[in-house]
Amino acid sequence: MSDRVPPLPEIITRALATLRAAGIPAELRAEFVPAHTRLMIPRRAAMIPRGEVWRLGSLLLGPEGDLYETGEVVRASEPGWPGHQSVLAEQRREYRSAAQRAKIAPGTVINLGWTPIDQDPEALAVSPGALFVRDGEPLVRWVPGNDAAAIGLGSYLGERIELLTNARGD
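In what follows, the accompanying structure is described. The shown structure was predicted, so the numbers you read here are calculated from the model rather than taken from an experiment. (Residues numbered from 1 in each chain as written. Predicted model: local features only at pLDDT ≥ 70, side-chain atom pairs only at ≥ 80, totals over all residues. Heavy atoms only, no water.)

**So, the sheet that holds strand β11 (residues 137–140)**
Move 1: Read across the sheet, three strands follow the order β10-β11-β12 without closing on themselves; strand pairing throughout is antiparallel. Edge positions in the open sheet fall to β10 (131–134) and β12 (151–152), since each of these has one partner strand only.
Move 2: In terms of strand pairing, β10 meets β11 through four bridges, oriented antiparallel. Its bridge partner being in β11, L131 is matched across the sheet by V140. (Pairing = 2+ DSSP bridges. Helix = DSSP H or I, 4+ residues; strand = E, 2+ residues; numbered from the N terminus.)

Structure follows, in structure tokens:
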């Protein structure tokens, strides 16, 4: 048995194959553009679909092997009416309203506020984010800035995929 740590592309390829073989559906990755004024014309908030991803804890995995740090997650639904609610509730209502205008189907899970992860080994060696490389091994931080409890990317993705599979009742 080899103790060789697979390189990042190999780990990602295996994870994608497992997700597809298990029939785990991908979720929507979208960009939220807040209401603004452009050339003196007011623009409503918008939601722009940017592709699909699988949400695997603190990471999003795209179908081409692209990785992102997870941001906010919302579900498309009726926006409801503005009221005297918390700032967070009003923000989520604005997300739902923008999703409705973008014709995103109700019930769709939408990942917003994601951050692309540079998969270059040199960038990952100094990365303060969720994914980093130490001694050639891709690792995931459970807590930002704390490397002590980091787990190997392959193990992390395996556990997350297993959780998704079990949640579906397979």
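**Quick notes on the sheet that holds strand β6 (residues 67–69)**
Move 1: Judged by pairing direction, the sheet is mixed, and its seven strands sit side by side in the order β7-β8-β1-β4-β5-β6-β9 without closing on themselves. For this open sheet the edge positions go to β7 (72–75) and β9 (115–116), each flanked by a neighbour on one side alone.
Move 2: Bridging between strand β4 (residues 46–56) and strand β5 (residues 59–61) involves three bridges; their strand directions are antiparallel. Bridging across to β5, L56 finds its partner in L59.
Move 3: Against the sheet, helix α4 (residues 153–167) contacts β4 and β5, and its axis sits at roughly 100 degrees relative to β4. (Contact = heavy atoms within 4.5 Å. Axes fitted to C-alpha atoms, helices over the stretch in contact; angles between N-to-C directions.)

**What about unusual backbone geometry?**
Move 1: A positive phi angle is found at M40, which is not glycine, with a value near 65 degrees.
Move 2: As for its position among the elements, M40 is in the loop between β2 (36–38) and β3 (41–43).
Move 3: Although it is not a glycine, D135 sits at a positive phi angle of roughly 50 degrees.
Move 4: Of note, D135 is situated in the loop between β10 and β11.

**Quick look at the pattern of salt bridges**
Move 1: Tallying each qualifying case throughout the model produces six salt bridges.
Move 2: Residue E10 pairs with R14 through a salt bridge whose shortest N-O separation is 2.4 Å. Taken together, the positions of E10 and R14, both in helix α1 (residues 8–22) and four residues apart, correspond to about one turn of that helix.
Move 3: By relative accessible area, which is 46% here, R14 ends up partly exposed.
Move 4: The shortest N-O distance in the salt bridge between R134 and D147 comes to 3.9 Å. One end of the pair, R134, is in strand β10; the other, D147, is in the loop between β11 and β12, with 13 residues separating them in the sequence.
Move 5: The class of R134 is partly exposed, set by a relative accessible area of 38%.
Move 6: Linked by salt bridges that have partners in common, R134, R141 and D147 make up one network. (Salt bridge = Lys/Arg side-chain N within 4 Å of Asp/Glu carboxyl O. Buried < 20%, exposed > 50% of the residue type's maximum accessible area, 1.4 Å probe, protein only.)

**Some details on helix α2 (residues 87–101)**
One turn of the α-helix equals 3.6 residues, which is why residues spaced by three or four share an orientation.
Move 1: When the terminal C-alpha atoms of α2 are compared, their 21 Å separation across 15 residues agrees well with the 21 Å that a helix rising 1.5 Å per residue should span.
Move 2: For α2, the set of buried residues is R93, Y95, S97, A98 and A99.
Move 3: In the core, the buried residues of α2 are packed alongside β1 (27–33), β4, β7 and β8 (109–112).
Move 4: Residue K103 follows α2 closely and has a positive phi angle near 60 degrees. (Expected span 1.5 Å × (residues − 1).)

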